[in-house]
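Structural overview
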Amino acid sequence: MDDITFLVNILLPALWRGFLVTLQLIVLTAPFGFLLGLAVAVAHVYGARPVRILAKLYVIFFRGCPLLLLLFILYFGLPSVGIVLGSFYSALFGFILCNSAYNSEYLRGALQSIKGGQMTAAKALGMTKAQAVLYVVIPQALRKALPGVSNEFIYLIKYSSLAYVVALIELTGTAKIMASRYFLYFETFAAVGVFYLVLVTIATFAIHKLEKKYAIPGAQ
């Protein structure tokens, strides 16, 4: 079998199937990781003292725990206490927890950068604290946090490759199987590299457009 036949007829169809699983993980992780991160950030900045402490502990744990170890805990550890998530949900929950912890720090910094006078002005107009945070503070903070959150999305694309360690046959997992079966390691992993490069390039281009659209006038 020549390399072209292997690439076109065998490798690329298999990698495409794995790529769709990777894409599914990314598409599900990104919004839930962002929303959970935003909730943690708001709790960290505006919550009551016990809530702030819980938010801080959440961030400390999930930023401090290596993602690989977290995946092992979810996939291999939880079944010992009767919780079986399976490969896909172990990877998904692990990515969401890790992604949200990092997003929360970008968002927390953005929330804290909004001047306190805006909260005071919102309350003077009759808004409750929750309404002021939701309608005045968060929209401004999101624009400031966009570069950091966008950067974390790029990281998400790349660390999604760790899903294979919990037996999920995504892009990297498929590549390992194909390389071991046909002993064409360079060709297989080079093709996988192209998949990730294209995905990151497309995401980077889209993020650049988004940042440009929502950039704060006068900010550098």
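Now for a description of the structure that goes with this document. Predicted model only: the values in this text are computed from it and were never measured.

1. As for the overall build of the protein chain
A count of helical and extended segments in the protein chain gives eight helices and zero strands. In the protein chain, the order of α-helices and β-strands from amino to carboxyl end is α-α-α-α-α-α-α-α. Expressed as lengths along the three principal axes of its C-alpha atoms, the size of the protein chain is roughly 75 × 50 × 20 Å. Residues classed as buried in the protein chain amount to 40% of the 220 residues present. For the protein chain, restricting intrachain contacts to residue pairs at least 6 apart in sequence, the fraction spanning at least 24 positions comes to 77%. Accessible area of the protein chain: about 12,200 Å², with a carbon and sulfur share of 70%.

2. Re the nonpolar core
Across soluble globular proteins, nonpolar side chains show a tendency to be buried alongside one another. Core analysis: the biggest nonpolar cluster contains 46 residues, and Leu-15, Leu-25, Phe-95 and Ile-157 have the highest contact counts within it. For this core, the element with the most residues is helix α1 (residues 3–46), which contributes 10 residues. Discounting residues that sit within four places of it in the chain, Ile-157 has contacts with Ile-26, Tyr-196, Leu-199, Val-200 and Ala-203. Core analysis: the next-biggest nonpolar cluster, separate from the first, contains 16 residues, Ala-41, Ala-110, Ala-122 and Val-137 among them.

3. Some remarks on the layout of surface pockets
Its volume calculated, the largest pocket comes out at about 400 Å³. At the level of secondary structure, the elements contributing two or more residues to the lining of the largest pocket comprise α1, α4 (86–113), α6 (129–159) and α8 (185–214). Tallying contributions element by element places α6 first for the lining of the largest pocket, with nine residues. Here the lining of the largest pocket is composed, by residue class, of 12 nonpolar, three polar and two charged.

4. Details of helix α2 (residues 49–64)
Under the 1.5 Å per step criterion, the end-to-end length of α2 is 22 Å for 16 residues, consistent within 8% with the ideal 22 Å. Turning to α2, its buried residues are Ala-55, Tyr-58, Val-59 and Phe-62. Taken end-on, α2 shows its buried residues confined to a sector of 95°, consistent with a single buried face. Seen from the buried face of α2, the exposed residues on the opposite side, beyond 90 degrees, are Arg-49, Pro-50, Ile-60 and Gly-64. Buried-residue contacts for α2 involve α1, α3 (67–77) and α4.

5. Considering the pattern of salt bridges
Scanning all chains against the criterion turns up two salt bridges. Two residues, Glu-105 and Arg-63, come together in a salt bridge whose shortest N-O distance is 3.5 Å. One end of the pair, Glu-105, is in helix α4; the other, Arg-63, is in helix α2, with 42 residues separating them in the sequence. Connected through shared salt-bridge partners, Arg-63, Glu-105 and Arg-108 make up one network.

6. Section: the packing of aromatic side chains
The description of two aromatic rings rests on the distance between their centres and on the angle between their planes. Across all of its chains, the model carries nine aromatic pairs by this definition. Ring geometry for Tyr-58 versus Phe-62: centroids 4.8 Å apart, planes at 55°, classification tilted. One end of the pair, Tyr-58, and the other, Phe-62, are both in helix α2, four residues apart, so they sit about a helical turn from each other. Aromatic side chains Tyr-89 and Phe-93 sit 5.9 Å apart centroid to centroid with 40° between the ring planes, which places their arrangement in the tilted category. Linking Tyr-89 with Phe-93, this pair stays in helix α4, spanning four residues, or about one helical turn. Each member of the aromatic cluster is reached from another via a ring pair, and the members are Trp-16, Phe-19 and Phe-195.

7. Considering the side chain of Ser-104
Looking at the secondary structure, you find Ser-104 in helix α4. What makes Ser-104 buried here is its relative accessible area of 1%. Here Ala-101 takes part through its backbone oxygen, which lies 2.6 Å from a polar atom of the side chain of Ser-104. Residues within four places of Ser-104 in sequence aside, it is in contact with Gly-37, Val-40, Ala-41 and Val-59.

Rules and cut-offs
- Residues numbered from 1 in each chain as written.
- Predicted model: local features only at pLDDT ≥ 70, side-chain atom pairs only at ≥ 80, totals over all residues.
- Heavy atoms only, no water.
- Helix = DSSP H or I, 4+ residues; strand = E, 2+ residues; numbered from the N terminus.
- Buried < 20%, exposed > 50% of the residue type's maximum accessible area, 1.4 Å probe, protein only.
- Contact = heavy atoms within 4.5 Å.
- Areas by Shrake-Rupley, 256 points an atom, 1.4 Å probe, with all protein chains shown as cover.
- Core = buried A, V, L, I, M, F, W, Y, C linked by side-chain atoms within 4.5 Å.
- 1 Å grid on protein atoms, 1.4 Å probe; cavity = no way out; pocket = protein on both sides within 12 Å on 5 of 7 lines; lining within 4 Å.
- Points joined across faces, edges and corners; volume = space filled by probe spheres on them.
- Nonpolar A, V, L, I, M, F, W, Y, C, P; charged D, E, K, R; others polar.
- Expected span 1.5 Å × (residues − 1).
- Arc of directions from axis to C-beta.
- Salt bridge = Lys/Arg side-chain N within 4 Å of Asp/Glu carboxyl O.
- Phe/Tyr/Trp six-rings, centres within 6.5 Å; stacked < 30°, edge-to-face > 60°.
- Polar contact = N/O pair within 3.5 Å; in protein donor to acceptor, adjacent residues only side chain to side chain.

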